[in-house]
Amino acid sequence: MAPAESVRKRQKARLNEKVTESGTKGQKEELGKWGRAWEVDWFSLTGVILLLCFAPLIVFFFIVTCDQYQCSVSHVVLDIYNGDTSPLTIWNRAPSFTWTAAKIYASWVTFQVVLYICIPDFTHNILPGYVGGVQDGARTPAGLINRYEINGLQCWIITHVLWAANAYHFHWFSPTIIFDNWIPLLWCTNILGYSVSTFAFIKAYLFPTNPEDCKFTGNIFYNYMMGIEFNPRIGKWFDFKLFFNGRPGIIAWTLINLSYAAKQQQLYGYVTNSMILVNVLQAIYVLDFFWNEAWYLKTIDICHDHFGWYLGWGDCVWLPFLYTLQGLYLVYNPVQLSTPHCAAILTLGLMGYYIFRSANHQKDLFRRTDGDCKIWGRKPCYIECSYRSGDGAVHKSKLLTSGFWGVTRHMNYTGDLMGSLAYCLACGGQHLMPYFYIIYMTILLVHRCIRDEHRCSNKYSKDWKRYTDAVPQRLIPGIF
Ligand code: NDP
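In this numbering scheme, every chain counts its residues from 1 along its sequence in written order. The model is predicted, so local features are restricted to residues of pLDDT at least 70 and side-chain atom pairs to those at 80 or more, both for listing and for counting; the totals for chains, interfaces and linings are taken over all residues. Processing note: side-chain calculations cover all non-hydrogen atoms of the structure and skip hydrogens and water entirely.

## Things to note about the overall build of the protein
Okay, so step 1: Secondary structure follows DSSP: runs of H or I at least 4 residues long count as helices, runs of E at least 2 residues long count as strands, and numbering of each begins at the N terminus. Of regular secondary structure, the protein possesses 21 helices and 6 strands.
Okay, so step 2: Only C-alpha atoms enter the radius of gyration, while the globule expectation follows 2.2 Å times N to the 0.38, with N the number of residues. Here the C-alpha atoms of the protein give a radius of gyration of 23 Å, agreeing with the 23 Å that 2.2 N^0.38 yields for 480 residues.
Okay, so step 3: Taking the principal axes of its C-alpha atoms as reference, the protein extends roughly 70 × 60 × 50 Å.
Okay, so step 4: Buried means the residue's accessible area, taken with a 1.4 Å probe over protein chains only, is under 20% of the maximum for its type, while exposed means over 50%, and partly exposed covers the values in between. Burial statistics for the protein: of 480 residues in total, 55% are counted as buried.
Okay, so step 5: Contacts spanning at least 24 positions in sequence make up 76% of the contacts within the protein whose residues lie at least 6 apart. Contacts are residue-level and defined by heavy atoms, with any inter-residue pair within 4.5 Å sufficient.

## Quick look at the site of the ligand
Okay, so step 1: Near residues are defined by distance, with any heavy atom within 4 Å of the molecule or strand qualifying the residue. Tyr-323, Tyr-413, Asp-452, Arg-455 and Tyr-460 are the nearest of the 27 residues found near the ligand.
Okay, so step 2: Any pair of nitrogen or oxygen atoms within 3.5 Å is treated as a polar contact; in protein, a donor-acceptor pairing is required on top of that, and neighbouring residues in sequence qualify only through side-chain atoms on both sides. Note that an oxygen atom of the ligand is positioned 2.6 Å from one of the side-chain N or O atoms of Arg-448.
Okay, so step 3: Between the ligand and Lys-459, the relevant distance is 2.6 Å, taken from an oxygen atom to a side-chain nitrogen or oxygen of the residue.
Okay, so step 4: Sorting elements by how many residues they give to the shell around the ligand places helix α20 (residues 436-460) first, with 8 residues.
Okay, so step 5: The classification used treats Ala, Val, Leu, Ile, Met, Phe, Trp, Tyr, Cys and Pro as nonpolar, Asp, Glu, Lys and Arg as charged, and all other residues, Gly among them, as polar. For the shell around the ligand, a count of residues per class yields 14 nonpolar, 5 polar and 8 charged.

## Section: the pairing of strand β5 (residues 382-388)
Okay, so step 1: The two faces of β5 differ: Ile-383, Cys-385 and Tyr-387 on one face are buried, but Tyr-382, Glu-384, Ser-386 and Arg-388 on the other face are not.
Okay, so step 2: As judged from the 7 bridges shared by β5 and strand β6 (residues 394-400), these two strands associate in the antiparallel manner. Residue Tyr-387 lies in a different strand from β6, and its bridge partner there is His-395. Two strands form a pair only when DSSP identifies at least two bridges running between them.

## Remarks on a nonpolar patch on the surface
Okay, so step 1: Distance thresholds for patches are 9 Å for like charges and 5 Å for nonpolar side chains (Val, Leu, Ile, Met, Phe, Trp, Tyr), applied to residues having over 30% relative accessible area and no salt bridge. Here the accessible surface of atoms and residues is derived via Shrake-Rupley with a 1.4 Å probe, and residues count as covered only by protein chains that are part of the display. When a carboxyl oxygen of Asp or Glu is within 4 Å of a side-chain nitrogen of Lys or Arg, the pair counts as a salt bridge. Together, Phe-199, Ile-202, Leu-206, Phe-207 and Ile-234 make up a nonpolar patch on the protein surface, roughly 480 Å² of accessible area in all.
Okay, so step 2: Among the elements that take part in the nonpolar patch, helix α9 (residues 182-206) stands out by supplying 3 residues, more than any other.
Okay, so step 3: If you trace the backbone, Phe-207 turns up in the loop between α9 and α10 (220-226).
Okay, so step 4: The exposure class assigned to Phe-207 is partly exposed, which follows from its relative accessible area of 46%.

## Here we look at the environment of Trp-182
Okay, so step 1: The residue Trp-182 is located in helix α9 in this model.
Okay, so step 2: On the accessibility criterion, Trp-182 (5% relative accessible area) is buried.
Okay, so step 3: C-alpha separation for the pair Trp-182 and Pro-232, spaced 50 residues apart in sequence, amounts to 30 Å.
Okay, so step 4: Beyond its immediate sequence surroundings of up to four residues, Trp-182 is in contact with Ile-63, Ile-256, Tyr-260, Pro-320, Phe-321, Thr-324 and Leu-328.

## Observations concerning the packing of helix α11 (residues 240-268) against helix α15 (residues 309-322)
The geometry of a pair of packed helices is captured by two quantities: the angle between their axes and the separation between those axes.
Okay, so step 1: At their nearest, the axes of α11 and α15 sit 9 Å apart, and the two run at 5° to each other. The orientation of α11 relative to α15 falls into the category roughly parallel. Where α11 abuts α15, its residues Lys-241, Phe-244, Asn-245, Gly-249, Ile-250, Trp-253 and Ile-256 lie against Leu-311, Asp-315, Cys-316, Leu-319 and Pro-320.
Okay, so step 2: Taken together, the residues of the contact of α11 with α15 break down into 8 nonpolar, 2 polar and 2 charged. Only C-alpha atoms enter the line fits that serve as axes; for helices the fit covers just the stretch in contact. Angles between N-to-C directions range over 0 to 180 degrees. Each angle gets one of four labels, with under 35 degrees taken as roughly parallel, over 145 as roughly antiparallel, 65 to 115 as roughly perpendicular, and the rest as oblique.

## A closer look at the environment of Thr-254
Okay, so step 1: Relative to the helices and strands, Thr-254 is located in helix α11.
Okay, so step 2: At 3.3 Å, the side chain of Thr-254 forms a polar contact with the backbone oxygen of Ile-251.

## Observations regarding the packing of helix α3 (residues 42-69) against helix α16 (residues 325-332)
Okay, so step 1: With their axes 10 Å apart at the nearest point, α3 and α16 run at an angle of 15° to one another. Our classification of the angle between α3 and α16 gives roughly parallel. Helix-helix and strand crossings are classified by hand; for α3 and α16 the assignment is left-handed. Residues Phe-62, Ile-63, Cys-66 and Asp-67 of α3 form the contact with α16, whose own contacting residues are Leu-325, Leu-328 and Tyr-332.
Okay, so step 2: A breakdown of the residues in the contact of α3 with α16 according to their chemical character gives 6 nonpolar, no polar and 1 charged. We call a crossing left-handed when the near helix sits turned anticlockwise from the far one by less than a right angle, and right-handed when that turn is clockwise.

## Here's the deal with the pattern of salt bridges
Okay, so step 1: For the structure shown, the criterion picks out 15 salt bridges.
Okay, so step 2: For Arg-368, the salt bridge is made with Asp-364, and the minimal N-O distance between the two is 3.2 Å. With Arg-368 and Asp-364 both in helix α17 (residues 339-368) and 4 residues apart, the pair spans about one turn of that helix.

## Considerations on the pairing of strand β1 (residues 133-139)
Okay, so step 1: Pairing analysis gives 5 bridges linking β1 to strand β2 (residues 145-150), with the strands arranged antiparallel. Residue Gln-135 lies in a different strand from β2, and its bridge partner there is Tyr-148.
Okay, so step 2: From the end of β1 to the start of β2, which pair antiparallel, there are 5 residues, and Gly-143 there has a positive phi angle of about 100°.

## Concerning the state of the cysteines
Okay, so step 1: When two cysteine sulfur atoms are found within 2.5 Å, that pair is recorded as a disulfide. For the structure shown, the criterion picks out 1 disulfide.
Okay, so step 2: In this model, Cys-66 is linked to Cys-71 through a disulfide, with the two sulfur atoms separated by 2.1 Å. Linking Cys-66 and Cys-71, the disulfide has an S-S dihedral of approximately 115° and is accordingly described as right-handed. Each member of the pair, Cys-66 as well as Cys-71, carries the same accessibility label: buried.
Okay, so step 3: Not engaged in a disulfide, the cysteine Cys-118 finds its nearest cysteine sulfur in Cys-155; these two sulfurs lie 9.5 Å apart.
Okay, so step 4: Its sulfur unpaired, Cys-456 is 9.0 Å from the next cysteine sulfur, which belongs to Cys-385.
Okay, so step 5: Take Cys-456: its relative accessible area is 7%, and that puts it in the buried class.

## Here's the deal with unusual backbone geometry
The phi angle of most residues is negative, glycine excepted, and most peptide bonds adopt the trans form.
Okay, so step 1: Even without glycine at this site, Gln-70 takes up a positive phi of about 50°.
Okay, so step 2: Along the chain, Gln-70 turns up in the loop between α3 and α4 (73-81).
Okay, so step 3: Judged by relative accessible area, which is 47%, Gln-70 ranks as partly exposed.

Quick look at the structure:
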């Protein structure tokens with residue numbers, strides 16, 4: 001029997017056992033069906049295949065456009081249209097894989113693995129409000145609760161202290177090292193991204209960590225892209241999702257930006273205020289992520305998405321290359337903003353961050369205290385709801401309708417989008433490329449909103465309807 005088939009049979013048997021214990025046969029269909037899709041429609045399949053084919057090309061296109069055309073997309077398009085160049089010429093002119101880049105990247109990933117495995121939570125009890133150490137994740141569709149070792153903040157601090165010491169004090173490498181190897185590094189990150197996704201795919205068939213939480217749709221492309229295993233792990237603690245989501249990509253984000261700032265300094269003898277603005281706003285976002293890593297266990301990435309190419313390749317390649325596009329653009333096109341312009345963008349970025357953080361905090365506080373807290377100075381209002389996990393058990397939950405969660409159903413996304421717009425505006429209005437980020441984030445978060453609501457509606461059924469009646473808008477009050 002094929003391993004996937006055997007896992008599927010075991011899941012079914014387990015499901016039947018639980019149904020006999022706790023419900024009727026009709027309920028069987030609904031058990032644990034609120035996770036990611038079990039069946040693939042043509043629309044989803046087309047999207048998956050398009051992404052698999054085009055996402056790597058999009059990353060290559062943007063990075064090479066900066067390298068060869070100073071980030072001017074229209075210049076590339078016109079050159080190709082006029083016959084002055086061809087995609088093949090652009091491809092041939094792009095720097096190729098180098099062993100120097102491979103050594104840098106291998107050392108980087110190995111270092112992050114070592115930190116992830118070995119660093120204890122040394123900030124515990126030192127930093128008030130910070131939650132580290134061993135923490136529980138959310139309940140999986142099969143009814144399990146995974147435990148995680150939270151030490152991302154410590155790893156971020158150690159990495160940045162060592163970076164500053166080596167780049168500026170001991171001069172073991174130049175602070176521009178990342179920028180100087182950027183395209184060769186693109187090939188290396190792709191090798192890791194594809195390897196880890198393929199490994200996770202094979203592992204799901206041969207030795208899954210939690211077989212009950214695996215999902216096989218019967219479509220190989222969808223399974224590869226969206227993942228089969230929910231929480232693939234090696235050993236007890238090496239969790240693929242927590243490591244790849246957070247560590248090689250998000251820790252690198254601030255270092256990549258610092259490397260761009262150092263390159264500006266080297267090329268022009270100064271660092272522009274726009275570069276400082278992008279570095280500061282994005283560093284706040286990254287630090288927020290690590291400060292709240294325990295909260296992150298309750299977000300969609302960790303508690304609902306399965307681990308496939310979408311997360312594996314996305315974290316290794318898409319995130320470090322495209323989330324840092326503004327800094328890269330500013331190396332080729334230094335922009336000095338007027339003081340009012342700079343202040344307005346900073347205000348937008350900070351307001352966005354405030355809404356993003358407060359909304360996330362309100363939901364986290366509400367869920368942690370089971371509603372026994374104050375939101376905007378008052379006892380919170382909420383909707384009582386219930387759902388069934390895959391093991392047939394019925395669980396109670398609550399949906400908050402106070403604070404930002406009473407304004408729209410996803411004010412945390414709205415705040416995130418305001419912050420994203422601020423990074424783009426810092427690059428001025430000369431070129432389109434830095435605005436790719438806000439376009440992408442809007443598509444990502446609107447799609448995520450719809451995907452999440454579909455899942456929540458399956459999970460909570462009529463209780464979810466009561467919630468959407470109480471809070472009718474998704475992102476923008478009165479509009480959407
Ligand atoms: P949320 O943190 O909004 O989590 C959604 C989940 O919260 C739902 O599935 C549901 O889960 C629960 N929920 C929904 N409504 C309520 C409510 N009213 N009261 C209580 N619980 C509710 O979404 P994400 O995990 O996607 O995002 C977390 C943050 O990360 C966001 O701020 C987002 O902007 C950011 N983000 C950033 C990305 C980036 O690339 N920069 C990518 C993705 C996210 P349950 O089943 O538990 O009820």
